[in-house]
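Listed below, chain by chain, are the residues.
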Amino acid sequence: MKKLINDPDDVVDEMLDGMTAAYPDRLRRLPDTQVVVRDDAPVDGKVALVTGGGSGHEPTHAGYIGDGMLDGAAAGDVFSSPTADEFEALIGACDAGDGVLAIIKNYEGDVMNFETAIELAEMEGVEVESVVVNDDVAVEDSLYTSGRRGVCGTILVHKAAGAKAAQGADLSEVKRVAEKVIDNVGTMGTALTSCVTPEKGEPTFDLGDDEIELGIGIHGEPGTERTELMSADEITDALTETVLDDLDLDPGQEVLTVVNGMGGTPQMELFVVNRRLQELLGEHDLETWDAWVGDYMTSLDMMGASITVCAVDDELKELLGAPADTPALTTT
């Protein structure tokens, strides 16, 4: 497969160098690590938000570093967790004395290595809390998880908790907001094609020309059903109905929706999905407060999309709509 890379072993290192070169006044890389932080980290007077995970999901994770969102992120190799040492360096670089909230997607490697790093940081006197995001409604256990997977709903956790931290809230309040989003968000995705990792250079799983996978994971983990190719409306209905069944929202509930591209899907097709998604929400007597469409958490070059629905109240609307300025997401 054709890719714009040099040596596959260097792709994450070169990506991070390229990213910091693109935003030299906003991002910096810790020496001899795959950790990126705000250029002004640690930021006095606020709780720091940190996250991390395997590369290949860009703009997740470092794309959301900046005012109103994250203070730093650790990048593992493609689809591989960062080490505990990297997470520890991340926490230490971002802590300004007001505590650190670690936002962890529910993958066993991320959870284990972050927990180890948190224990080490606490031994150094850093106050750290953590939340685990598990918004994927498709499957309960998967290749890399016990329980549900953490996927695109994680971005809304970054956004709301980041806004709360920017207001000067203490660590317990920032964690409360993060957990509030987690309790009110659900996501499900589909793949039209496999992704191709730089190391392997060929599809990570076999999917026929006339097949799609419903409930796919962001690393290509199996979903709930492999079926014949469906129309955009049929796929949107299948994903959305599953998410709404899980959330069990009351009529009239306001929601934020995300139609997220998996890396290889044209925006034209994402907007087609969003069109049907909004129709379907109306049929369920739900009110769309805001609708995001774009690539927020990808799977390299996979063709496909995920749909996220998050129930919002006045507090979450204020925080999700608050100003943020990051390479991948800006709100004013």
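That block above? That's the structure.
Residues numbered from 1 in each chain as written. Predicted model: local features only at pLDDT ≥ 70, side-chain atom pairs only at ≥ 80, totals over all residues. Heavy atoms only, no water.

> How should I be thinking about the side chain of Asn106 in this particular structure?
Relative to the elements of secondary structure, Asn106 occurs in the loop between β5 (100–105) and α3 (108–123). For Asn106, the side chain forms a polar contact with the main-chain oxygen of Arg148, separated by 2.6 Å. (Helix = DSSP H or I, 4+ residues; strand = E, 2+ residues; numbered from the N terminus. Polar contact = N/O pair within 3.5 Å; in protein donor to acceptor, adjacent residues only side chain to side chain.)

> Just to check I follow, could you spell out empty space enclosed by the protein for this structure?
It is a probe the size of a water molecule, rolled over the atoms, that shows where empty space is left. Taken as a whole and judged by the stated rule, the model has two cavities of 30 Å³ or more. In this structure, the largest cavity spans a volume of roughly 110 Å³. Along its surface, the largest cavity is lined by 18 residues, and Leu16, Thr60, His61, Ala62 and Ala75 are the ones closest to its centre. Looking at the lining of the largest cavity, the elements with two or more residues in it are α1 (11–22), β3 (48–55) and β4 (72–78). Broken down by element, the residue count for the lining of the largest cavity peaks at four residues, all from β4. Each residue belonging to the lining of the largest cavity can be placed in one class, and the counts come to nine nonpolar, eight polar and one charged. Taken as a whole, the second largest cavity encloses approximately 80 Å³ of empty space. Around the second largest cavity, the lining is made up of 13 residues, and of these Val151, Ile216, Ile218, Met262 and Ser306 lie nearest the centre. Looking at side-chain class alone, the lining of the second largest cavity contains seven nonpolar, five polar and one charged residues. Taken domain by domain, the lining of the second largest cavity gets at least three of its residues from each of domain 1 (9–183) and domain 2 (185–311). (1 Å grid on protein atoms, 1.4 Å probe; cavity = no way out; pocket = protein on both sides within 12 Å on 5 of 7 lines; lining within 4 Å. Points joined across faces, edges and corners; volume = space filled by probe spheres on them. Nonpolar A, V, L, I, M, F, W, Y, C, P; charged D, E, K, R; others polar. Domains from an automatic or database assignment.)

> Got a minute to help me understand the sheet that holds strand β12 (residues 304–311) in this structure?
Backbone hydrogen bonds hold the strands of a sheet together, and the pairing may be parallel or antiparallel. The six strands lie next to each other as β9-β8-β7-β12-β10-β11, forming an open sheet whose pairing is mixed. The open sheet has two edge strands, β9 (225–228) and β11 (287–294), and neither has a second partner. Each strand of the sheet is rotated relative to its neighbour by a mean of 20°, with strand direction disregarded. (Pairing = 2+ DSSP bridges. Axes fitted to C-alpha atoms, helices over the stretch in contact; angles between N-to-C directions.)

> Teacher, can you tell me more about the packing of helix α6 (residues 232–247) against helix α7 (residues 267–283) here?
Working note: a packed helix pair is described by the angle between its axes plus the distance between those axes. Where α6 meets α7, the axes come as close as 9 Å, and the angle between the chain directions of the two elements is 50°. The orientation of α6 relative to α7 falls into the category oblique. In terms of crossing hand, the pair formed by α6 and α7 is right-handed. Residue-level inspection shows Ala232, Asp233, Thr236, Asp237, Thr240, Glu241 and Leu244 of α6 in contact with α7, the latter providing Val272, Val273, Arg275, Arg276, Leu277, Leu280 and Leu281. (Parallel < 35°, antiparallel > 145°, perpendicular 65-115°, else oblique. Left-handed = near helix turned anticlockwise from the far one by under 90°. Contact = heavy atoms within 4.5 Å.)

> What's the story with the pattern of salt bridges in this structure? I'm lost.
Pairs may arise between side chains of opposite charge once their charged atoms sit close together. Counted under the stated rule, the structure contains 24 salt bridges. Among the salt bridges present, the one from Lys180 reaches Asp313, with a minimum N-O distance of 2.6 Å. Placement of the pair is Lys180 in helix α5 (residues 171–183) and Asp313 in the loop between β12 and α8 (314–320), with a sequence separation of 133 residues. With its nearest N and O atoms 2.9 Å apart, the salt bridge here joins Arg226 to Glu213. Residue Arg226 is located in strand β9, and its partner Glu213 is located in strand β8 (residues 211–214); the two are separated by 13 residues in the primary sequence. By relative accessible area, which is 40% here, Arg226 ends up partly exposed. Salt bridges here are not isolated pairs; linked through shared partners, they connect Lys164, Glu173, Arg176, Lys180, Asp313 and Glu315. (Salt bridge = Lys/Arg side-chain N within 4 Å of Asp/Glu carboxyl O. Buried < 20%, exposed > 50% of the residue type's maximum accessible area, 1.4 Å probe, protein only.)

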